[in-house]
Amino acid sequence: FIVTMIFRVKVRETYRDVRTRLARMNSYLNENLTGMSTVQIMNREERNFAEFSAINAGHRDANLRSIFYYAVFYPTIELIGAFATGLIIWYGGRQVMWSGLKLGELVAFLQYTQRFFRPIADISDKYNILQSAMASSERIFDLLDANIELPEPAAPERPENLKGEIRFEHVEFSYKAGEPVLRDVSITVAPGEKVAIVGATGAGKTTIINLLSRFYDVSGGRILVDGIDVREGDVKVLRRSIGVVLQDVFLFSGTIEDNLRLGDESISHERIVTAARQVHAHPFIERLPEGYGSLVRERGAGFSVGEKQLMSFARCLTFDPHILVLDEATSSVDTETELLIQDALRKLMAGRTSVVIAHRLSTIQDVDRIVVLHKGQVRETGTHQELLAQRGIYHRLYELQYQSQERVAGAPAQRAIAE
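Residues numbered from 1 in each chain as written. Predicted model: local features only at pLDDT ≥ 70, side-chain atom pairs only at ≥ 80, totals over all residues. Heavy atoms only, no water.

S.K.: Please provide a residue-by-residue account of the packing of aromatic side chains, values included.
M.R.: Scanning the entire structure with this criterion turns up six aromatic pairs. Look at F173 and Y216: their rings are 5.6 Å apart centre to centre, the planes differ by 50°, and that puts the pair in the tilted class. Note that F173 is positioned in strand β1 (residues 166-176) and Y216 in the loop between α5 (205-212) and β4 (220-225), a separation of 43 residues in sequence. The class for F173 is buried, based on a relative accessible area of 5%. Here the aromatic cluster, defined as three or more aromatic residues joined through ring pairs, consists of F173, Y175 and Y216. (Phe/Tyr/Trp six-rings, centres within 6.5 Å; stacked < 30°, edge-to-face > 60°. Helix = DSSP H or I, 4+ residues; strand = E, 2+ residues; numbered from the N terminus. Buried < 20%, exposed > 50% of the residue type's maximum accessible area, 1.4 Å probe, protein only.)

S.K.: How would you summarise the pattern of salt bridges if you had to cite specific residues and measurements?
M.R.: Following the criterion strictly, the structure yields 16 salt bridges and no others. Its salt-bridge partner being D17, residue R65 comes within 2.6 Å of it at the nearest N-O pair. Residue R65 is found in helix α3 (residues 45-98), and its partner D17 is found in helix α1 (residues 2-34); the two are separated by 48 residues along the sequence. Judged by relative accessible area, R65 falls into the partly exposed class, the value being 36%. The partner of R44 in a salt bridge is E51, with the nearest N and O atoms 3.4 Å apart. On the accessibility criterion, R44 (27% relative accessible area) is partly exposed. On the basis of relative accessible area, E51 is assigned to the partly exposed category, the value being 34%. Here the salt bridges do not stand alone but share partners, grouping E165, R167, E169 and R222 into one network. (Salt bridge = Lys/Arg side-chain N within 4 Å of Asp/Glu carboxyl O.)

S.K.: Explain the sheet that holds strand β5 (residues 228-229) to me, and be specific about the residues and the numbers.
M.R.: Spatially, the four strands line up as an open sheet ordered β2-β1-β4-β5, and their pairing is antiparallel. Every interior strand has two partners, whereas the edge strands, β2 (179-189) and β5, have only one. Sheet topology note: the β4/β5 ladder contains two bridges and is antiparallel. Across the sheet, the residue bridging to V225 is I228, located in β5. Relative to the sheet, α5 contacts β1, β2 and β4, its axis offset from that of β1 by approximately 110°. (Pairing = 2+ DSSP bridges. Contact = heavy atoms within 4.5 Å. Axes fitted to C-alpha atoms, helices over the stretch in contact; angles between N-to-C directions.)

S.K.: Lay out a positive patch on the surface with the relevant residues and their values.
M.R.: On the surface, R183, K375, R379 and R396 cluster together to form a positively charged patch. Following the sequence through the fold, R183 ends up in strand β2. (Patch = residues over 30% accessible without salt bridge, like charges linked within 9 Å, V, L, I, M, F, W, Y side chains within 5 Å. Areas by Shrake-Rupley, 256 points an atom, 1.4 Å probe, with all protein chains shown as cover. Lys, Arg positive; Asp, Glu negative; His and termini not counted. Charge placed at Lys NZ, Arg CZ, Asp CG, Glu CD.)

Structure below.
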C-alpha cells in the first residue's frame, strides 16, 4: 500500500507533464504545418526544426521519467511478494521441524500466498495504465468544469416577431482590467437602417460585433435587440437572427453545399443556389467539376481569398438573417468583384438592419448613417456628406485614404517621367 501510494503521486505528476508536453508538441506541429509557406519564405526551416527538437526532447524525457517509476514500482511489488514467500518458508520450515506443522500445510500456505500476490502484481501492471488515463482525464475535466463566463438566463426571453432594432446604451467594455476598449458607447440602429462604423485600427469596431453577438458580455451599460437585453435573451435565437460576414473566412472540410448549409437540412438546394447567384458566387462554383458537390479542403485550401469571401456571403444569405453584419467583407476581392457584391448588397440590405464595418470609405457612402469611433468612443455621427462638411475625424480619414491612393496611382507615372 505504501509503495503504491508513493508511485501514484510520483507517476501522476510525470504523466501530467507528459500530456502537457504532448499538447505543446502537437500545437507547434499544427502551427508550422499551417504556416509552412511563411516558414519557407523566411528561411526558418532549420531554426524551427531545432525548436521542435527541443520540445520533442522534453516530451521524450517526461516519458522516460514515467517509464523509470514504473520500472521501479513493478519489480518492487514482485520483490515484496518474494520476500513474503521467503519469510513463510523460513518461519514455516522451523515450525515443520520443531512444532509439528505438517509439510503439506506449509506447501498449501505457499500456494495460497502466490495466489494472493498474483492479482496484486497484475493490478500493479494495470495501475500504471490507469494513472496515465487519470492524468489525461484531468485535462479533459478541467476544461469541462471551467466556469461559464456567459451564463444562460434561467428563463430566456424570445421575441415573437424580430424586427432588428439595435441599441447600445452607455456600453463599457475591456478585455483587460484597466484597459477600456469601449467607453460610454451609445448607438441606435432602427429596423431596416444601414449604419456604418468606421475608425482607425484598434478603435473598437470589431469588438462591437463580438458584443452584439454576445461572444463577450459588456462591462457596463447594456445592448438591446428589439428591446431585449442580449444577456436576458436566448443566445441561439440571437445568433440565428444575425448574419455575420468576417474578413477572415473559415471554411470547413466537406462539400461547398455543406459549407453553405452548415448542417441545416431544412435549407433546400434551390435556396442555396439562389443565395449564391445573388452574391455572384454561382458562376465560379458551376465551373468546378462537381459544382456544389465539390470538396472543400481544410480551411478552404485551393480557393482564392476572393472566392472564399463570396462563399461566406452566400452562406450568410442562405440563412436569411434579420440583422446583417459586414466586417471588412469586401476587403479581399478585386474591383470588378467588389462592384458586383456592392450591387447585390444594396438589394439584400433593403429591409434588413445592417451594420457595416469598413476601412475603405468608398464602400460605405450609400449607407443611411456613419458612426465614427475614436479610441473607444463615438466621436461623430452623420451621413457621408455631413461628416465631410464637419471636417473632423472622418474628413481626415477620407483625405488620408484618398491621398495615399493618389500617391500609389501616381508613382508609376512619376517613375516614367523620371526615366
